[in-house]
Amino acid sequence: MQKKVLSEQALYYGDVAMPKDWDIDRDKLSNDILKHTFSTLSHPTIDFPFSRTWDMLNTYMRDFIGLEYEINLVNKKTWGNIYKPNETTIPLSNIDPVDLRNSPDFTLLYGVKVKDCMVRIHYEDNRRKGRSWDMPLTDNKFIMFPSTNMYYLTNNQKDSLNFVQTITYEYI
């Protein structure tokens, strides 16, 4: 008897464990998210600003996933979001169903400054439709999953804003 795995959906998650003295400056990243959010109100096509801090995060993620899981990633798009207290997003998807060829393969969520935030990722398991997986997103943690999965975030606390960095990748 033999077995052949035809497809697999994997979630990657954990700490962004940077080398000593190379910590991610989450204050800088949250400031970039704030500035970008307000600048896109008047100019929606402005790209997220490049910074050394963002590059450190992005390089770490691409190198870690490449070395640990042999998945080579190329950036597609990046942006940051600010979630109000008690806010739950609409269901989110980072693919264009009409143009799957040019859609990203993976979505990365990074907790810049988050408190009591949950991510629900929807998936299908053959006949078992409508499945979901809930994961907490906290400071300096990441969750990466296939971009074909719909997801949403919930800010469960009443006190402060949550800052989340999103990066999409193409698998090469």
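Please refer to the structure placed before this passage.
Conventions adopted
Residues numbered from 1 in each chain as written. Predicted model: local features only at pLDDT ≥ 70, side-chain atom pairs only at ≥ 80, totals over all residues. Heavy atoms only, no water. Helix = DSSP H or I, 4+ residues; strand = E, 2+ residues; numbered from the N terminus. Buried < 20%, exposed > 50% of the residue type's maximum accessible area, 1.4 Å probe, protein only. Polar contact = N/O pair within 3.5 Å; in protein donor to acceptor, adjacent residues only side chain to side chain. Contact = heavy atoms within 4.5 Å. Pairing = 2+ DSSP bridges. Axes fitted to C-alpha atoms, helices over the stretch in contact; angles between N-to-C directions.

A. Local environment of the side chain of Asn-155. As for its placement among the helices and strands, Asn-155 is situated in strand β7 (residues 151-155). Judged by relative accessible area, which is 2%, Asn-155 ranks as buried. In this structure the side chain of Asn-155 is engaged in a polar contact, spanning 2.7 Å, whose partner is the side chain of Gln-157. Not counting residues within four places of it along the chain, the set of residues in contact with Asn-155 comprises Tyr-83, Lys-84, Pro-85, Asn-86, Glu-87, Lys-115, Asp-116, Ser-160, Leu-161 and Asn-162.

B. Seen up close, the sheet that holds strand β2 (residues 73-83). Pairing is antiparallel across the open sheet formed by five strands, whose spatial order is β1-β6-β3-β8-β2. Edge positions in the open sheet fall to β1 (12-15) and β2, since each of these has one partner strand only. Put simply, the sheet's adjacent strands are angled 15° from each other on average, direction ignored. Inspection of the sheet shows strand β3 (residues 106-113) paired to strand β8 (residues 162-171) by seven bridges, in the antiparallel sense. Following the sheet pairing, Leu-109 is matched in β8 by Thr-166.

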